[in-house]
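Chain by chain, the residues:
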Amino acid sequence: MLAIIGGSGLTQLSTLEIVRREVARTPYGEPSGALTFGELCGTPVVFLARHGYGHTIAPHQVNYRANLWALKQARASAVISVASVGGIRADFAPGTLVVPDQIIDYTWGRKSTFFEGADEVVHHIDFTEPYDQALRERLLAAAKAAGHAVFDGGVYAATQGPRLETAAEVLRMERDGADLVGMTGMPEAALARELDLPYAAINVVANHAAGKASSARSIRFDSIEEVLQEAMIRVRGVLEQLCRQ
Ligand code: HPA
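Given the structure is predicted, the values throughout are model-derived calculations rather than measurements. (Residues numbered from 1 in each chain as written. Predicted model: local features only at pLDDT ≥ 70, side-chain atom pairs only at ≥ 80, totals over all residues.)

K.L.:
So, the overall build of the protein chain: which residues are in play, and what are the values?
P.N.:
Within the protein chain, the regular secondary structure consists of five helices and eleven strands. A compact globule built from 245 residues should have a C-alpha radius of gyration of about 18 Å, and the protein chain, at 17 Å, falls within 12% of that. Referenced to the eigenvectors of the C-alpha coordinate spread, the extents of the protein chain come out at roughly 50 × 45 × 30 Å. By residue count, 44% of the 245 residues in the protein chain fall in the buried class. The contacts of the protein chain with a sequence gap of at least 6 include a subset with a gap of at least 24, amounting to 80%. (Helix = DSSP H or I, 4+ residues; strand = E, 2+ residues; numbered from the N terminus. Rg over C-alpha atoms; globule rule 2.2 N^0.38 Å. Buried ≥ 20, exposed ≤ 12 C-beta atoms within 10 Å, placed from the backbone. Contact = placed C-beta atoms within 7 Å.)

Below, the structure written as structure tokens:
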């Protein structure tokens, strides 16, 4: 069963034929919301809105451990993350879809491992390739089948949020080699790896990252909404093809 974690702009999957909802409990607390079980082109899918169904949970307050644990507990075999980002690279304009292949983690203070606590032996996962390559390829093939252009690869910078970045912070990330910036990619990807859940992401560029737009110096939120609304229609199209890949 495929799990889909939806971010800003994707709090529900309109194409999902909903079978049931389930409030999950985990040793790490409650996930962001009830798990929504359903079918996408005849394949079982479980959906979870990362920020809650009313978009009330800030990126640094998402209970990533409970979310991943609940999906694993529900017998998900792979996780697709949908998340909006700011584009750092010049060709990552608003509306662009990207399947990233690397991560730089700038977040802090988040519960980022299952392997801690009194009885828990420390465990170091290999994270050289943070995304599952086979799942990335399925996403890319699904995008192709859906007829939507998607960039193959990009370095995702995970920031703490909830505020957006300063222009200098974005320049630093660019010097570090980052192509996109978002607030939720970590520790989500690492926790999925700890649970042996193949994980890949489709990122939607909502805006040029701070200081990167040629016209405006500050980021306009009304245009972000518009961009996300249109782009999520394409993302849904990609997800619909995914179960056929
Ligand atoms: N920065 C961080 N996260 C984001 C952005 C951004 O510019 N846009 C959407 N998510």
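K.L.:
Let's hear about the site of the ligand: which residues, and what values?
P.N.:
Surrounding the ligand, one finds Ser84, Val85, Gly86, Thr159, Leu164, Glu165, Val181, Gly182, Met183, Ala206, Asn207 and Ala209. Every element with two or more residues in the shell around the ligand is listed here: β5 (78-87), β10 (180-182) and β11 (199-208). Tallying contributions element by element places β5 first for the shell around the ligand, with three residues. Its residues assigned to classes, the shell around the ligand comprises six nonpolar, five polar and one charged. (Near = placed C-beta within 6 Å. Nonpolar A, V, L, I, M, F, W, Y, C, P; charged D, E, K, R; others polar.)

K.L.:
Summarise the nonpolar core; cite the residues concerned and give the values.
P.N.:
Counting 69 residues, the largest nonpolar core has Ile4, Leu139, Leu180, Val181, Ile202, Val204 and Val235 as its most contacted members. A total of eight residues in this core trace back to one element, the largest contributor, which is helix α5 (residues 221-242). Excluding its chain neighbours within four sequence positions, the residues that come into contact with Val181 are Val85, Gly86, Ile88, Ala157, Thr159, Glu165, Val170, Met173 and Ala209. (Core = buried A, V, L, I, M, F, W, Y, C linked by C-beta atoms within 7 Å.)

K.L.:
Break down the UniProt feature "binding site: phosphate" (unreviewed entry) in the protein chain for me, citing the residues and quoting the values.
P.N.:
The positions that UniProt labels "binding site: phosphate" (unreviewed entry) are, in the present scheme, Ser8, Arg50, His51 and Thr184. A stretch of 177 residues holds the annotated residues, and the largest C-alpha distance among them is 10.3 Å, short enough that they meet in one place. Position of Ser8 relative to the elements: it lies in the loop between β1 (2-6) and β2 (17-22). Residue classification places Ser8 among the buried residues on the basis of 23 C-beta atoms within 10 Å. In this view, Ser8 contacts His51, Ser84 and Leu228; residues no more than four positions away in its chain are not counted. Residue position: Thr184 is located in the loop between β10 and α4 (188-194). The contacts of Thr184, once residues within four sequence positions are left out, are Gly7, Arg50, Pro59, Val62 and Ala83. (UniProt positions renumbered as here; feature names shortened; annotations may be inferred.)

K.L.:
Got a sec to walk through the environment of Cys41? Specific residues and values, please.
P.N.:
Note that Cys41 resides in the loop between β3 (35-40) and β4 (43-49). Residues Cys41 and Cys243 lie 202 residues apart in sequence; the distance between their C-alpha atoms is 6.7 Å. The contact partners of Cys41, leaving out residues within four places of it in the chain, are Glu240, Cys243 and Arg244.

K.L.:
Account for unusual backbone geometry, naming residues and giving values.
P.N.:
Omega for the bond connecting Gly161 with Pro162 falls within 30 degrees of zero, at -5°, which places this linkage in the cis form. Residue placement: Pro162 occurs in the loop between β9 (155-158) and α3 (167-176). Following Met186, the chain continues into Pro187 via a peptide bond in cis, with omega recorded as 10°. Here Pro187 lies in the loop between β10 and α4.

K.L.:
Describe α5, listing the residues and the values that go with them.
P.N.:
Compared with an ideal rise of 1.5 Å per residue, which puts 22 residues at 32 Å, α5 spans 30 Å between its outermost C-alpha atoms and is within 8% of the ideal. Residues of α5 that are buried make contact with β1, β3, β5, β6 (97-99), α2 (133-146) and β11. (Expected span 1.5 Å × (residues − 1).)

K.L.:
I'd like to hear about the confidence of the model for the protein chain, residue by residue, with values.
P.N.:
Averaged over all residues, the pLDDT of the protein chain equals 94, while 100% of them reach at least 70. The ipTM assigned to the predicted complex is 0.99, against a pTM of 0.95. (pLDDT = per-residue confidence, 0-100.)

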